[in-house]
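Here's the letter readout for the chains.
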Amino acid sequence: MWSNRAKERAFKSQYVTYASSKLQLIVDMTSANASHQVQQELNNTYSRLKHEVNTAKAELRSEIQSMDTDRNKLNEAADALRTLRNKAGWLDNEINGFISRFIDYS
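Residues numbered from 1 in each chain as written. Predicted model: local features only at pLDDT ≥ 70, side-chain atom pairs only at ≥ 80, totals over all residues. Heavy atoms only, no water.

Participant: I would appreciate a short explanation of the overall build of the chain in the present structure.
Facilitator: Each helix and strand in the chain was counted, giving one helix and zero strands. A globule of 106 residues ought to have a C-alpha radius of gyration of about 13 Å, yet the chain, at 45 Å, is considerably larger. Projected onto its principal axes, the C-alpha coordinates of the chain cover approximately 150 × 20 × 10 Å. Buried residues in the chain amount to 1% of all 106 residues. Here the chain displays about 10,100 Å² of accessible surface, and carbon together with sulfur accounts for 59% of that area. Each charge sign in the chain was given a centre, from 15 positive and 13 negative side chains, and these centres are 20 Å apart. (Helix = DSSP H or I, 4+ residues; strand = E, 2+ residues; numbered from the N terminus. Rg over C-alpha atoms; globule rule 2.2 N^0.38 Å. Buried < 20%, exposed > 50% of the residue type's maximum accessible area, 1.4 Å probe, protein only. Areas by Shrake-Rupley, 256 points an atom, 1.4 Å probe, with all protein chains shown as cover. Lys, Arg positive; Asp, Glu negative; His and termini not counted. Charge placed at Lys NZ, Arg CZ, Asp CG, Glu CD.)

Participant: In this structure, what is going on with the packing of aromatic side chains? I would like to understand it.
Facilitator: One pair of aromatic rings is described through two measures. These are the centre distance and the angle between the planes. Tallied over the full model, the rule gives two aromatic pairs. Each ring, one from Phe11 and one from Tyr15, has its centre 6.3 Å from the other, and the planes form 25 degrees; the classification is stacked. With Phe11 and Tyr15 both in helix H1 (residues 4-103), this residue pair falls four residues apart, about one helical turn. Residue classification places Phe11 among the exposed positions, given a relative accessible area of 55%. Centroid distance Phe98 to Phe102: 5.0 Å. Interplanar angle 45 degrees. Geometry classified as tilted. One end of the pair is Phe98 and the other is Phe102, both in helix H1 and four residues apart, which spans about a single turn. The exposure class assigned to Phe102 is exposed, which follows from its relative accessible area of 51%. (Phe/Tyr/Trp six-rings, centres within 6.5 Å; stacked < 30°, edge-to-face > 60°.)

Participant: Would you mind going over the pattern of salt bridges with me for this structure?
Facilitator: Any two side chains of opposite charge can pair if their charged atoms end up close together. This model, assessed by the stated rule, comprises three salt bridges. Its salt-bridge partner being Glu8, residue Lys12 comes within 3.1 Å of it at the nearest N-O pair. With a gap of four residues between them, Lys12 and Glu8 both fall in helix H1, about one helical turn apart. Residue Lys12 is classed as partly exposed on the basis of its relative accessible area of 47%. Given a relative accessible area of 36%, Glu8 falls into the partly exposed group. A salt bridge links Asp68 to Arg71, with the shortest nitrogen-to-oxygen separation between them at 3.3 Å. (Salt bridge = Lys/Arg side-chain N within 4 Å of Asp/Glu carboxyl O.)

Participant: What am I meant to see in the environment of Arg5 here?
Facilitator: With respect to the secondary-structure elements, Arg5 resides in helix H1. A residue is classified by how much of its surface remains accessible, and Arg5, at 51% relative accessible area, is exposed. With 44 residues separating them in the primary sequence, Arg5 and Leu49 have C-alpha atoms 64 Å apart.

Below you can see the structure in the form of structure tokens.
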């Protein structure tokens, strides 16, 4: 025969075993849900950052293309200026030669 004290101890032991298994299920479910939420947040953050990087990359490519166009225009202008400077030097020499041959009587 069981005494009330022995019944109480047996019941408490069974209840602790039962409650422990249920609490472990709750912990496992909570952990799985938290893990899933973290994974979703990471995926969303990755997607957003990837989009921002692609946007920034496209903007930089556009700026580089624009700068290349500007650089080419500046190079063409510099070439034209060099040509004009050379022509001006040639004309100056021609004029000075003309002056020394025909106008300068000294």
